[in-house]
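# Overview (structure and organization)
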Amino acid sequence: MNRPGATSEDYEAFVELLMAHQRRILGFIRSQVRSLDDAEDLMQQTSIVLWRKFDEFDRASDFAAWAFRIARYEVLNHWSKEDVQRRVFSQRTLDQLADMAEAMRPEFDARQSALQECMKHLDGSNRELLEMRYSQSLSPKSIAERIGQSVWAVYRSLQRVHTSLMTCIERRVAGGRS
């Protein structure tokens, strides 16, 4: 992806910023579209636009806010191409949802940070369970077969870990330590 006049320092700065915020941008996009495939395609398109416009970005400002605005335009463009009859919400409702998602970004960031800290306190087996379920996208049935437990035992373990993480996140967000 060459951009006229771009230096290797520009590219490195861009990649560093994009990687630091990619999950949040994808999460924002994902909240606006129906399928993960559409979200991933829009993330890729957003990344291209971000790079093309990177020389317009004020590096003293908030990269995430700038990227969210561009992602929002990409989502709007996606919606305009979508078959109108497939739409469930009006354009006004979709705009309101996008505004709400952007307004909730600070809370989301705090919760994401808390989740990362709380994950550090999980024991290895619980972290491995979450890794199989969410990073590897294995079903509870597949996990059960892999670790030699019943499906219900896997569900109970996941529920216990989810509850533990939720409690930890709530404490951290409320200002306490866990």
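Residues numbered from 1 in each chain as written. Predicted model: local features only at pLDDT ≥ 70, side-chain atom pairs only at ≥ 80, totals over all residues. Heavy atoms only, no water.

## Digging into helix 3 (residues 63-81)
We apply this condition: Counting from the N terminus, the helices are the DSSP runs of H or I reaching at least four residues and the strands are the DSSP runs of E reaching at least two. An expected span of 1.5 Å times one less than the residue number is assigned to each helix. Think of a polar contact as two N or O atoms within 3.5 Å of one another; within protein, one of them needs to be a possible hydrogen donor and the other a possible acceptor, and neighboring residues in sequence only count if both atoms come from side chains.
For helix 3, built from 19 residues, the straight-helix expectation of 27 Å at 1.5 Å per residue is met to within 8% by its first-to-last C-alpha distance of 27 Å. Put simply, Asp62 is the residue that caps the front of helix 3, since its side-chain oxygen is 3.0 Å from the backbone nitrogen of Ala64.

## Let's talk about the pattern of salt bridges
Where side chains of opposite charge bring their charged atoms close, a pairing between them can arise. Which entries qualify depends on this criterion: Salt bridges are identified by distance alone: a Lys or Arg side-chain nitrogen within 4 Å of an Asp or Glu carboxyl oxygen.
One pass over the structure, following the stated rule, counts 5 salt bridges. Ionic pairing is found between Asp10 and Arg59, a salt bridge with its closest N-O pair at 2.8 Å. Note that Asp10 is positioned in helix 1 (residues 8-30) and Arg59 in the loop between helix 2 (36-52) and helix 3, a separation of 49 residues in sequence. Residue Arg24 is joined to Asp109 by a salt bridge in which the shortest nitrogen-to-oxygen separation is 2.6 Å.

## Overview of the packing of helix 1 against helix 3
Heads up, the condition is: Note on definitions: angles span 0 to 180 degrees between N-to-C directions of axes, and those axes are lines fitted to C-alpha atoms, for helices only across the stretch in contact. By the definition adopted for this analysis, an angle is roughly parallel if under 35 degrees, roughly antiparallel if over 145, roughly perpendicular if from 65 to 115, and oblique otherwise. In a left-handed crossing the near helix is turned counterclockwise from the far helix by less than a right angle, and in a right-handed crossing that turn is clockwise. The contact criterion used throughout is that any non-hydrogen atoms of two residues lie within 4.5 Å. In the scheme used here, Gly and all other residues not listed as nonpolar or charged are polar, with Ala, Val, Leu, Ile, Met, Phe, Trp, Tyr, Cys and Pro taken as nonpolar and Asp, Glu, Lys and Arg as charged.
Between helix 1 and helix 3, whose axes approach to 10 Å, the crossing angle comes to 50°. With respect to helix 3, the axis of helix 1 lies oblique. Crossing hand, helix 1 versus helix 3: right-handed. Residue-level contacts link Phe14, Leu17, Leu18, His21, Arg24, Ile25, Phe28 and Ile29 of helix 1 to Phe63, Ala64, Ala67, Phe68, Ala71, Arg72 and Val75 of helix 3. By residue class, the composition of the contact of helix 1 with helix 3 is 12 nonpolar, 1 polar and 2 charged.

Worth remembering: the numbers are spatial, not functional.
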